[in-house]
Amino acid sequence: MQIHLTINDESKTWDVAPNETLLDALRRDGYFGVKHGCENGECGACTVLLDDKPVASCVMLAAQAESKRITTIESLGQVEDQGWKHTEGLHPIQQAFVELGALQCGYCTPAMILAAKALLDQTLTPTEEQVRDALSGVLCRCTGYVKPVQAVIQAGRLMAGSLGSSEERAQGIPLPPELLKPHREELPPLELPTLQPPNNLTTTLPTMVVAPAVPETRVVGKPERKVDAVKLVQGKPAFTDDIELRGMLYAKVLWSPVAHARIKHIDVSKARALEGVHAVLTYQDIPRVVYSTAGQSDPIPGPLDSFSLDSKVRFVGDRVAFVAAESEEIAQRALELIEVEYAELPALLDPRDAMKPNAPRIHDETEYVNFADSDPSKNIAAKIEIEIGNVEEGFKQADQIFEDEYVVPKVQQVSIEPHVVVTCWDEDDRLVIRTSTQVPFHARRILAPVLGLPPKRIRVIKPRIGGWFGGKQEVLIEDVAAHLTIATRRPVRFEYTREEEFIAARSRHPMRVRMKTGVKNDGTIVANEMYALSDTGAYGCHALTVTGNTGQKSMGLYNAPNIKFHAHVVYTNTPPAGAYRGYGVPQGFFPLEVHME
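Note that the coordinates shown come from a computational prediction; the quantities given were computed from them, not determined experimentally.

Considering the sheet that holds strand β9 (residues 261–267)
Hydrogen bonds along the backbone pair up the strands of a sheet, which may run parallel or antiparallel. An order of β11-β9-β13 is seen for the three strands of this open sheet, with the pairing classed as antiparallel. Edge strands, defined here as strands with exactly one partner in the open sheet, are β11 (312–313) and β13 (339–344). Here β9 pairs with β13 via six bridges, running antiparallel. Within β13, the position partnered with A261 by the bridge is E344.

The structure is reproduced here in structure tokens:
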């Protein structure tokens, strides 16, 4: 169908599919400042102005934009010096975001700036509450909101002509005093033995400076502009998905609907026969190479227990087949045509059951490569035991012993930019992998044997990343697109949906932590012991190193002559855990500090 609309004051006529979203249509036409973060309007990264009002373009059909005016970040402002041609420069909102450092990854920045513009078009003197309300529809996982709020208020003052010297501009908006006060929640009294408190107990609140005023002539202590801030506030194509390649195919993965099963039979003939499908791959079509998806040092400190595709699935969301087609819709239809017969196996969902004698064995493949004390026959991905002094003797000396168990849940990173990769062959027959990753060199090393290529024939390009937080310290999607590019010799793009981020990406390791502490009546700690039962999920990526940090980084916080940390990291038929902010340390700090309280 054909629609007529105005984008950034330019008349457009589009041919769109009835089910095509405004987001997809805009990006197809080269407006890469509009970002994909979800498919249900929750994150706001796809925000555009529709007749001057912010809307989420991912939940709006392109057909609904008929005769509407659309504003994207590309229309706001550009760098002033364009060779012999000059522009009016950046918009005041863009300038303020650059000057005040109101962006980090920059993925949500175009949407924030557009939301701010809609507000400042109504009033140039908004209150902090109004600014926060205007930005509330755009989620940011990097900056928080203090700096963006400050930038919007400063931009309004600049546009109103009421902003003074550079020193005044640097002072920004004051922080509300309540932000610096520790939160205290009334809890029921605990029955604990009386201990003598220290004589001199004082509490000092931190001093927080939002934007210090520093003379222009000073270097040390002067805030510097983010080196790529200018391109990010313009919505320039800086991210993995902001690239167009001729003849690009779109990849989809068939995910397992069962937690634990062997694939008895798989028939992809109907999918391969579908017009527009260029490749359908199963475990029968690609080399069987065992590896670890964890982007860590070499040799990898963990077991090798993963395959690009396997005849066994180990969690709901495990891979079954790869498809490459001329559109995402065709690829999705091809997935629906694949027929799979599963021989279901008992599922192990509780880590407390993992090491029991009758527990189902998750990894029984002959290619499994142990690391240190991993033992797949007992569903153990890693085992840790560290002791300083003699904990058993220390507890004998204690007047009081406190013991309890704490639970840390599984948590997802929710980077606003989903995992995304584009692969192709270049003119030198190198496989180019442009991917949103934290570990480009680890990725090349890990992928080389998986793809049957020497490392020198793999080029990994890491563009700007739209949030990571550990979740992209993983070789998670690169092999999917790479296998399909090898099969088709065509560029291939693969991007997770928001749902796939939750079922197929990595999360924080959930743990059950037991603390046991022995103290003298005067409060002296004589023995401190921590045991962690860590759930790595179906694969052992980051199993040893994350859980090692849990004890090593926390148990030294309180001085005791006798300290012990021991842990089992076990497999379950749940989505794998991996790197996450803090890399295992919060799982130790939380139970330790709660226990000490």
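What about the sheet that holds strand β3 (residues 47–50)?
Spatial ordering of the open sheet is given by β2-β1-β5-β3-β4, a layout of five strands whose pairing is mixed. This sheet does not close on itself; its edge strands, each paired only once, are β2 (10–15) and β4 (53–56). The sheet shows a mean angle of 40° between the axes of neighbouring strands, taken without regard to direction. Note: strand β1 (residues 2–7) against β2, six bridges, orientation antiparallel. Bridge assignment links I3 to a residue of β2, and that residue is W14. Across the face of the sheet, helix α3 (residues 109–120) comes into contact with β3, β4 and β5 (69–71) while running at roughly 30° to β3.

Some thoughts on the packing of aromatic side chains
What characterises a pair of aromatic rings is the spacing of the ring centres plus the angle enclosed by the ring planes. Scanning the entire structure with this criterion turns up seven aromatic pairs. A ring pair is formed by W255 and Y496, whose centres lie 5.9 Å apart and whose planes are at 70°; its orientation type is edge-to-face. Here Y496 lies in the loop between β19 (492–495) and α13 (498–504) and W255 lies in strand β8 (residues 249–255), a separation of 241 residues in the sequence. The burial state of W255 is the same as that of Y496; both residues are buried. Their ring planes at 90° and their centres at 5.6 Å tell us that F494 and Y496 sit as a pair that is edge-to-face. Take F494 and Y496: they sit in the same class, and that class is buried. Geometry around F469 places R141 over its ring, the cationic atom sitting 4.8 Å from the centre.

Conventions adopted
- Residues numbered from 1 in each chain as written.
- Predicted model: local features only at pLDDT ≥ 70, side-chain atom pairs only at ≥ 80, totals over all residues.
- Heavy atoms only, no water.
- Pairing = 2+ DSSP bridges.
- Helix = DSSP H or I, 4+ residues; strand = E, 2+ residues; numbered from the N terminus.
- Axes fitted to C-alpha atoms, helices over the stretch in contact; angles between N-to-C directions.
- Contact = heavy atoms within 4.5 Å.
- Phe/Tyr/Trp six-rings, centres within 6.5 Å; stacked < 30°, edge-to-face > 60°.
- Buried < 20%, exposed > 50% of the residue type's maximum accessible area, 1.4 Å probe, protein only.
- Lys NZ or Arg CZ within 6 Å of the ring centre and 35° of its normal.

Remember, this is a structural readout, not a statement about activity or role.
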